[in-house]
Amino acid sequence: MKTIRVVAAVICDSVKEKRKIFATARGYGEFKGQWEFPGGKIEESETPEQALKREIEEELDTKIEVYDLIDTIEYDYPNFHLSMDCFWCETIAGKLVLKEAEAAKWLSKDELDSVQWLPADLTLIEKIRSEMTVNKEIISIEETEKLEGEIILDSKGNKILKIHEEMTNIDFAGAVDRLAQYVNIAEIASTIEKGVEYVVQIPAQYQKQYEAGEYFINQNKTTGIEWPTLMRKAETGQYRFVDDLPIKQQEFIQGNPFQDICNSYHNIYMQQQMAQLSERVEETYQTVKMIEQGQQDDRVAFIEAGRKEIMLALTLQDENDRNEQMRLGIHNLLLGREQIGKAMVRRIENFKPLPDNKAMLVLNMWLHNDYQSKKDDEIENIQGCYEMYLQATKMIAGAYAYKGEIAAVEQTFGDGISFLDSIDFSKLKSIELAHKGVDLDDMFYNHASKYVEIEKKQCIESGKAYDYVALEVTGDKLLEVLTDGREVSKEKAE
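Residues numbered from 1 in each chain as written. Predicted model: local features only at pLDDT ≥ 70, side-chain atom pairs only at ≥ 80, totals over all residues. Heavy atoms only, no water.

Draft legend 1. Examining the pattern of salt bridges more closely. Considering all chains together, one arrives at 24 salt bridges under this definition. Residue Glu-378 is joined to Lys-375 by a salt bridge in which the shortest nitrogen-to-oxygen separation is 3.7 Å. Taken together, the positions of Glu-378 and Lys-375, both in helix α11 (residues 371–402) and 3 residues apart, correspond to about one turn of that helix. Bridged by salt links that share partners, the residues Glu-43, Glu-46, Arg-54, Glu-55 and Glu-58 form one connected network. (Salt bridge = Lys/Arg side-chain N within 4 Å of Asp/Glu carboxyl O. Helix = DSSP H or I, 4+ residues; strand = E, 2+ residues; numbered from the N terminus.)

Right, here's the structure in full:
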């Protein structure tokens, strides 16, 4: 049987995050209308990567960067054997113009099964699905690993820091030792089994409530507060209650030894978040700076200055110096955000919509060879302003979240949402008339304020203090701690 060697591009929105992938519907032949990853044959003397770049430029008028090989698909069709190298890719220039395909879509992880794939492409879907991430709008246990630990929310919305032995940002052995200081494990030793995984759940904060007389040891019948509990990890991954952990009276009065762990981890996490925001602002800044020289540079310069000042603030040890530097950074970001917002509004107002009459649209394209490309450029420039506005908003809110000022975070996003809701984006939607068959539902002008709402939820959740620590530990380790504790007590007695 004849073997045909081809390459396929799994183009994603971001190789780092992989939230959306680009798929096309074949416009010809036996499989017309079925969906595939764009690509084509490898010509003699070409590497797979070279062939892929050439094919995508020919089919979609777009330049791409080729990243890792996902898999090589070997598939037998009735008349030939297909050998297809599939790579992760990102676009670096171009508009993904459909020259051969009849339609295209950006698909999220949850939408991969919504189209009918070509047989060979279908065999790749599960592998792609396993590497994609989902939208950040909903936070769940499986999807919230941060740094080397896990931030999760329980059914009541409590924020939990999960600590396990593989972590390096937190001293796991020290955490277990603190547990031994904190609770009387000896009192529940008979319920602990070797070879069993346990989760010890501990409230992260309670000292103020205790001093106010609101909380008491074990459980407060009025507030229903839960004190440390021992849970057994079942094969299903769910936790089953084993016993309450009695708190040592002296340790309880002195304060929670796990609060320092939470504070330290929270600071590391927030600094990582700010570094990621800074990187994204810098990337957007470089893009927007190329849109227009002169005044545009002045507008985004405030945002760039604010970014640098906030990142400098994170390196300062003195709290007063850090807060002052942070204040200056936020001030410049606010100025820059306001100015880039006004620039975006002006561009939208100056945008002349495409005619909804097909004949007029064709006539404009015929009279002006670059009519469509100029309109695409206008939309891209407006999107650059929108991205800059969004990233500035996130950076301002992130700075407030780092300082623990959640009300200011809400105000920052609230102002941004109100501003975007006041803008009429309807004219921009006319660009879709020039891109029939391409799914543009995710374009910024369709969900301008919704995207900010999603970021608001994430930022507020990130800035919240932890409600509980969940320490994953084996029964062997707990019994070891118990044994060590008895030996220490014996030495003290002697």
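Draft legend 2. Looking closely at the sheet that holds strand β3 (residues 35–36). Across the sheet, which stays open at both edges, the 3 strands sit in the order β3-β2-β7 with antiparallel pairing between neighbours. In this open sheet, the two strands that pair with only one neighbour each are β3 and β7 (103–108). Where strand β2 (residues 20–25) lies against β7, 6 bridges are found, and the strand directions are antiparallel. Bridge assignment links Ala-23 to a residue of β7, and that residue is Lys-105. (Pairing = 2+ DSSP bridges.)

Draft legend 3. Layout of the packing of aromatic side chains. All told, the structure shown has 9 aromatic pairs when counted by the stated rule. An aromatic cluster of at least three residues, connected via ring pairs, comprises Phe-31, Tyr-75, Tyr-77 and Phe-80. (Phe/Tyr/Trp six-rings, centres within 6.5 Å; stacked < 30°, edge-to-face > 60°.)

Draft legend 4. Spotlight on the packing of helix α12 (residues 406–421) against helix α13 (residues 448–463). Running from N to C, α12 and α13 cross one another at 175 degrees; their axes reach a closest spacing of 9 Å. What the angle tells us is that α12 and α13 run roughly antiparallel. Contacts from Ile-406, Val-409, Glu-410, Phe-413, Ile-417, Leu-420 and Asp-421 of α12 reach α13 at Ala-448, Ser-449, Val-452, Glu-453, Glu-455, Lys-456, Cys-459, Ile-460 and Gly-463. A class-by-class count of the residues in the contact of α12 with α13 yields 9 nonpolar, 2 polar and 5 charged. (Axes fitted to C-alpha atoms, helices over the stretch in contact; angles between N-to-C directions. Parallel < 35°, antiparallel > 145°, perpendicular 65-115°, else oblique. Contact = heavy atoms within 4.5 Å. Nonpolar A, V, L, I, M, F, W, Y, C, P; charged D, E, K, R; others polar.)

Draft legend 5. A look at helix α1 (residues 48–60). Taking 1.5 Å of rise per residue, 13 residues should cover 18 Å, and α1 covers 18 Å from first to last C-alpha, within 8% of that figure. All of the buried residues in α1 are Pro-48, Ala-51, Leu-52, Arg-54, Glu-55, Ile-56, Glu-59 and Leu-60. Close packing links the buried residues of α1 with β1 (3–11), β2, β4 (39–41), β5 (62–76) and β6 (81–94). Once α1 finishes, Asp-61 follows within two positions and takes phi at roughly 55 degrees, a positive value. (Expected span 1.5 Å × (residues − 1). Buried < 20%, exposed > 50% of the residue type's maximum accessible area, 1.4 Å probe, protein only.)

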